Amino acid sequence: MAMQAKSVELFRLKNYIGGLWQETEKTAEVINPANGEVIATVPLSGKEEVERAVRQAKSAQKKWALVPAPRRAEVLYRTGVLLKERKEQLARLLTMENGKVLEEARGEVQEAIDMAFYMAGEGRRLFGQTTPAELPDKFAMSIRVPVGVVGIITPWNFPIAIASWKTFPALVAGNSVVWKPATETPIMAYEFAKIFEEAGLPPGVLNVVFGNGSTVGEALVRHPDVRAISFTGSNEIGRQIAAECGRLLKKVSLEMGGKNAVIVLEDADLDLAVDGIIWSAFGTSGQRCTACSRVIVHRKVKEALEEKLLMKIRELRVGNGLDETVKVGPIINRSSLEKVHRYVEIGKGEGAKLLTGGHVLTEGKLRDGTFYAPTVFTDVHPHMRIAREEIFGPVISILPVSSFEEAIEVNNSVSYGLSSGIFTKDVNRVFRAMRDIDTGIVYINAGTIGAEIHLPFGGTKGTGNGHRDSGIQTLDVFTEWRAVYVDYSGKLQRAQIDIE
Ligand code: UN1
């Protein structure tokens with residue numbers, strides 16, 4: 001039985017290893033960030049659980065890889081159907097553990113459904129290339145082969161969508177998975193694993209080990225039988241993982257956030273730009289890797305934009321995301337709330353002008369949760385910390401500029417490169433922006449969020465290490481290329497030598 005979204009029940013979540021649901025001695029509490037209620041307990045596993053999961057994954061992978069890919073894909077189709085049937089129930093649970101408003105939670109579950117069907121289609125593609133060989137009576141091709149056991153480490157801000165970006169391609173390509181979900185949002189992982197089980201995924205092909213990064217995450221990264229790691233999370237942890245994977249010569253794909261900007265030029269449709277900024281900056285309370293946290297605006301329209309922005313912010317209702325009139329939910333937990341506030345203090349100290357917000361919300365029921373007021377700083381300089389560092393909360397910095405060129409320069413001046421949006425009606429500047437903006441995702445006349453699953457997701461510089469999540473490109477993380485030469489001449493033919 002799947003769980004019901006009642007706030008009074010307490011769920012004891014279990015690891016899923018080799019097809020068995022297993023408890024651990026140590027557990028942690030899962031808190032609903034909207035009201036402080038304990039909604040579940042999550043296992044805090046150790047090295048032994050990782051060891052067991054990898055062993056199971058290793059033996060299951062051998063058989064799974066021999067299942068024809070179109071048959072493997074059938075499990076993904078069934079998973080997609082089950083996700084679709086349970087969309088509403090999953091969305092409610094997601095809102096309870098993560099805090100994002102229900103409309104967005106439904107959108108996130110939809111993202112996982114889309115990824116299931118999209119990657120299921122790959123079961124009949126997984127294309128390689130056939131190509132002429134340079135010698136007579138010889139055939140050449142490249143094929144994708146599974147990597148083996150892959151380790152997946154996912155964050156709390158998109159607990160099911162990001163998990164779907166990584167698990168579906170890994171599985172359809174013939175790998176087995178050991179997955180460490182974030183301990184803040186384990187209910188989605190638990191439900192997702194149950195759905196895989198129901199959909200007929202053989203035992204051991206997907207294993208879920210709950211626990212902290214410093215124990216489970218580290219054991220996974222270090223394990224010699226885990227051949228690839230796909231990680232989404234902080235820049236600091238990502239660097240550590242990359243270093244360790246480098247030492248062990250392990251494949252590694254990293255997605256580590258951004259300092260995303262919306263550029264508003266003097267000819268922009270300001271109302272549209274404001275809608276894009278509000279959605280991108282305060283949706284998910286700014287807790288998206290793609291969230292807009294900088295607004296780079298032409299001086300000529302700065303005041304008009306600020307005025308419209310403030311008007312719209314006044315209409316935003318902050319509260320429990322299960323209430324459908326609420327537009328902005330809580331911050332994931334107290335330490336994140338404190339971090340957001342610390343950045344606001346830093347901004348003030350740096351001399352930025354606070355236009356609105358800048359404080360924790362404590363009126364009425366909000367006191368029980370972790371809520372922060374939508375916050376806007378203006379007259380921010382590109383060198384200030386609030387304009388350079390990822391805050392991961394509902395805080396934007398307005399940076400005035402005097403030209404298109406300056407806007408691009410400021411946009412590109414940060415150490416991240418995930419997502420940028422530009423508002424203008426000038427087609428020449430649109431194409432220049434597409435060329436000159438140094439981010440992995442560029443939006444024209446739209447905000448910085450809302451990536452679609454069949455396009456590559458990821459970015460430049462401090463955002464990643466050159467790989468992409470989702471899209472066809474993600475298959476490069478979960479497969480190795482094998483070049484195959486078939487010589488049917490019946491004699492020794494030496495490449496580069498016997499070419500006459
Ligand atoms: C993230 O911010 O970590 O593009 C993922 C978006 C969503 C996914 C965001 N589809 O905003």
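Novice: So what exactly am I meant to see when it comes to the sheet that holds strand S7 (residues 138-146) here?
Specialist: Each strand in a sheet pairs with its neighbour through backbone hydrogen bonds, running either in the same direction (parallel) or in the opposite one (antiparallel). Read from one edge of the open sheet, 3 strands run S6-S7-S24, paired in antiparallel fashion. Strands with a single pairing partner mark the edges of an open sheet, and in this sheet they are strand S6 (129-132) and strand S24 (479-487). The average angle at which neighbouring strand axes cross in this sheet is 20 degrees, direction not considered. The pairing of S6 with S7 spans 4 bridges and is antiparallel. Directly across from Thr 131, in S7, lies its bridge partner Ala 140.

Novice: Where do I start with the site of the ligand in this structure?
Specialist: The environment of the ligand is formed by Glu 111, Asn 157, Phe 158, Ile 162, Trp 165, Arg 288, Cys 289, Thr 290, Ile 449, Gly 450, Ala 451 and Phe 457. In the model, an oxygen atom of the ligand is placed 3.3 Å from a nitrogen or oxygen of the Asn 157 side chain. The side chain of Arg 288 places a nitrogen or oxygen atom 2.7 Å from an oxygen atom of the ligand. With the chains in place, 98% of the 320 Å² that the ligand exposes on its own is no longer accessible. Residues of the shell around the ligand, tallied by class, amount to 7 nonpolar, 3 polar and 2 charged.

Novice: Can you help me understand the state of the cysteines in this one?
Specialist: A disulfide bridge is the covalent bond that connects two cysteines by way of their sulfur atoms. Here the structure, examined in full by the defined rule, presents 0 disulfides. Free of any disulfide, Cys 245 has its nearest neighbouring cysteine sulfur in Cys 289, separated by 19 Å. Judged by relative accessible area, which is 1%, Cys 245 ranks as buried. Classification of Cys 289 as buried rests on a relative accessible area of 9%.

Novice: Even after reading the chapter, I still don't get a nonpolar patch on the surface, so can you show me in this structure?
Specialist: Taken together, the side chains of Leu 10, Ile 31 and Val 38 present a nonpolar region at the surface, about 230 Å² in accessible area. With respect to the helices and strands, the residue Leu 10 is situated in the segment before strand S1 (11-12).

Calculation rules
Residues numbered from 1 in each chain as written. Predicted model: local features only at pLDDT ≥ 70, side-chain atom pairs only at ≥ 80, totals over all residues. Heavy atoms only, no water. Pairing = 2+ DSSP bridges. Helix = DSSP H or I, 4+ residues; strand = E, 2+ residues; numbered from the N terminus. Axes fitted to C-alpha atoms, helices over the stretch in contact; angles between N-to-C directions. Near = heavy atom within 4 Å. Polar contact = N/O pair within 3.5 Å; in protein donor to acceptor, adjacent residues only side chain to side chain. Areas by Shrake-Rupley, 256 points an atom, 1.4 Å probe, with all protein chains shown as cover. Nonpolar A, V, L, I, M, F, W, Y, C, P; charged D, E, K, R; others polar. Disulfide = S-S within 2.5 Å. Buried < 20%, exposed > 50% of the residue type's maximum accessible area, 1.4 Å probe, protein only. Patch = residues over 30% accessible without salt bridge, like charges linked within 9 Å, V, L, I, M, F, W, Y side chains within 5 Å. Salt bridge = Lys/Arg side-chain N within 4 Å of Asp/Glu carboxyl O.

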